[in-house]
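Observations on the three-dimensional arrangement
If you want the building blocks of each chain, they are given just below.
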Amino acid sequence: MTRAKRKWDHIQYALTTGQTNNAGFDCVSFVHQSLPNTSLSKIHLGTKIGELQLSSPIFINAMTGGGGAKTLEINRLLARVAKETGVGMAVGSQMAAIKNSEERFSYEIVRKENPDGLIFANLGSEATVNQAKDAVEMIQADALQIHVNVVQELTMPEGDRDFSHALMRIEKIVNHLDVSIIVKEVGFGMSREAVEKLKGVGVNIVDVGGYGGTNFSKIENERRERVLSFFDGWGIPTATSIVEAQSHNSDITILASGGIQTSMDIAKAIALGANGVGMAGYFLKILVDSGYEAVVKEVTSLHEELKIIMTAIGASNLNELQLAPLIFKGEVLEWLQQRQINTHTYSTRMIHAK
């Protein structure tokens, strides 16, 4: 099977398998504030990812490219959404274009459609420094996502089986590229131990890519003769993974993705410690079912609703939202307790009086 055919298969299976809707946010609640002392007109959604300034915490996360005209059209439309709504955007893995120059335009279209926007390049942890530089140059990227996807590769019939020295390759890329490096999981979550290892080699931004969204085990199992069903429920739910990453207590920027579908999910992800929130499969389904304008409308609504939630909480900006008191219950609470992560720091904190 060609890489281009596999890219399109991934899109089709992502739509048919859907999302698990079990990212853990139902086990997180805000403490109601009767006197929030806020005004909707004064809510600001600006955020910072590493050294990058964004007007919105929402970004369109990595989806596709390298699958011919169909994936080119998806990237073209998503880039237009990003431009119109002012959100960032990541492309899918660019290895297809690095190995086949005919596929480059399916990625380059993103920068063509959105010349001044914030765009993330994307490669796997098998990439070399030169390949990383090529990916960044290809779309004049502001940052590079390096995705780690061990479970997907193991489930993929033709996937990688050797993951030796991945951390060493990531370190080399960090040391030789001038743009920000984001290490991103692809739907199985990131533990605090993984964050600690990444921080140790100079990584300052992680996307936890938690369990609860598009399930790449299920996608790859659709392409197998003998199904590896034990991986379909594998991973750390997104809400839990954000806290895992936050518990490392280091100066690292956390991005949240994996099953985030509502403005309340976004608010909770930020309150748990994320500076940005990536959404992929949710936007893809809207785009395919209802078209470009529907995605623009949804992003606009998410921004408006997030401001409403922040007003109720008493948070005028995202820094204050990260101080809002939270209560955990159910599986998230049980996980964090067994991992000896102190949940009381979340339940007893407060937004500073204005």
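If you're wondering where the values come from, they're calculated on a predicted model, not measured in any experiment. (Residues numbered from 1 in each chain as written. Predicted model: local features only at pLDDT ≥ 70, side-chain atom pairs only at ≥ 80, totals over all residues. Heavy atoms only, no water.)

Turning our eyes to something else, we now look at the side chain of Thr155. Mapped onto the elements of the fold, Thr155 is located in helix H6 (residues 150–155). In terms of polar contacts, Thr155 uses its side chain to reach the backbone carbonyl oxygen of Val151, at 2.7 Å. When residues no more than four places from it in sequence are discounted, the contact partners of Thr155 are Ser217, Glu220, Asn221, Arg224, Leu228 and Phe231. (Helix = DSSP H or I, 4+ residues; strand = E, 2+ residues; numbered from the N terminus. Polar contact = N/O pair within 3.5 Å; in protein donor to acceptor, adjacent residues only side chain to side chain. Contact = heavy atoms within 4.5 Å.)

What follows concerns the pattern of salt bridges. In this structure the tally under the stated criterion is 12 salt bridges. For Arg104, the salt bridge goes to Glu137, with nearest N and O atoms at 3.5 Å. On the criterion of sequence distance, the pair formed by Arg104 in the loop between helix H3 (95–99) and helix H4 (105–113) and Glu137 in helix H5 (residues 129–139) is long-range, its members being 33 residues apart. We classify Arg104 as buried; its relative accessible area is 19%. Glu137 gets classed as exposed once you look at its relative accessible area, which sits at 52%. Its salt-bridge partner being Glu220, residue Arg223 comes within 2.6 Å of it at the nearest N-O pair. For the pair Arg223 and Glu220, a shared accessibility class is recorded, and that class is buried. (Salt bridge = Lys/Arg side-chain N within 4 Å of Asp/Glu carboxyl O. Buried < 20%, exposed > 50% of the residue type's maximum accessible area, 1.4 Å probe, protein only.)

Looking at the secondary structure, you find Gly46 in the loop between strand S1 (28–30) and strand S2 (47–49). On the basis of relative accessible area, Gly46 is assigned to the partly exposed category, the value being 43%. Between the C-alpha atom of Gly46 and that of Leu78, which follows or precedes it by 32 residues, the distance is 21 Å. Excluding anything up to four places from it in sequence, Gly46 contacts Leu54, Ser55 and Leu318.

Here we take up the UniProt feature "domain: FMN-dependent dehydrogenase" (unreviewed entry) in the chain. In the numbering adopted here, UniProt assigns the feature "domain: FMN-dependent dehydrogenase" (unreviewed entry) to residues 166–322. Helix makes up 52% of residues 166–322 and strand 11%, whereas the separation of the span's terminal C-alpha atoms amounts to 32 Å. (UniProt positions renumbered as here; feature names shortened; annotations may be inferred.)

Close contact between helix H2 (residues 69–85) and helix H13 (residues 292–313) brings their axes to 10 Å; oriented N to C, the two are set at 35°. Considering the relative orientation of H2 and H13, their crossing is right-handed. Residues Leu77, Arg80, Val81, Glu84 and Thr85 of H2 pack against Tyr292, Val295, Val296, Val299, Thr300 and His303 of H13. Here the residues of the contact of H2 with H13 sort into 6 nonpolar, 3 polar and 2 charged. (Axes fitted to C-alpha atoms, helices over the stretch in contact; angles between N-to-C directions. Left-handed = near helix turned anticlockwise from the far one by under 90°. Nonpolar A, V, L, I, M, F, W, Y, C, P; charged D, E, K, R; others polar.)

The element strand S8 (residues 180–185) is extensively covered by neighbouring structure, given that 6 of its 6 residues are classed as buried. Across the two faces of S8 the burial is the same, with Ser180, Ile182 and Lys184 and Ile181, Val183 and Glu185 all buried. Here 6 bridges tie strand S7 (residues 143–148) to S8, and the two strands are oriented parallel to one another. Bridging from a neighbouring strand, Ala143 pairs with Ser180 of S8. As paired elements, S8 and strand S9 (residues 205–207) share 3 bridges and run parallel to each other. Across the sheet, residue Val183 finds its bridge partner in S9, namely Val206. (Pairing = 2+ DSSP bridges.)

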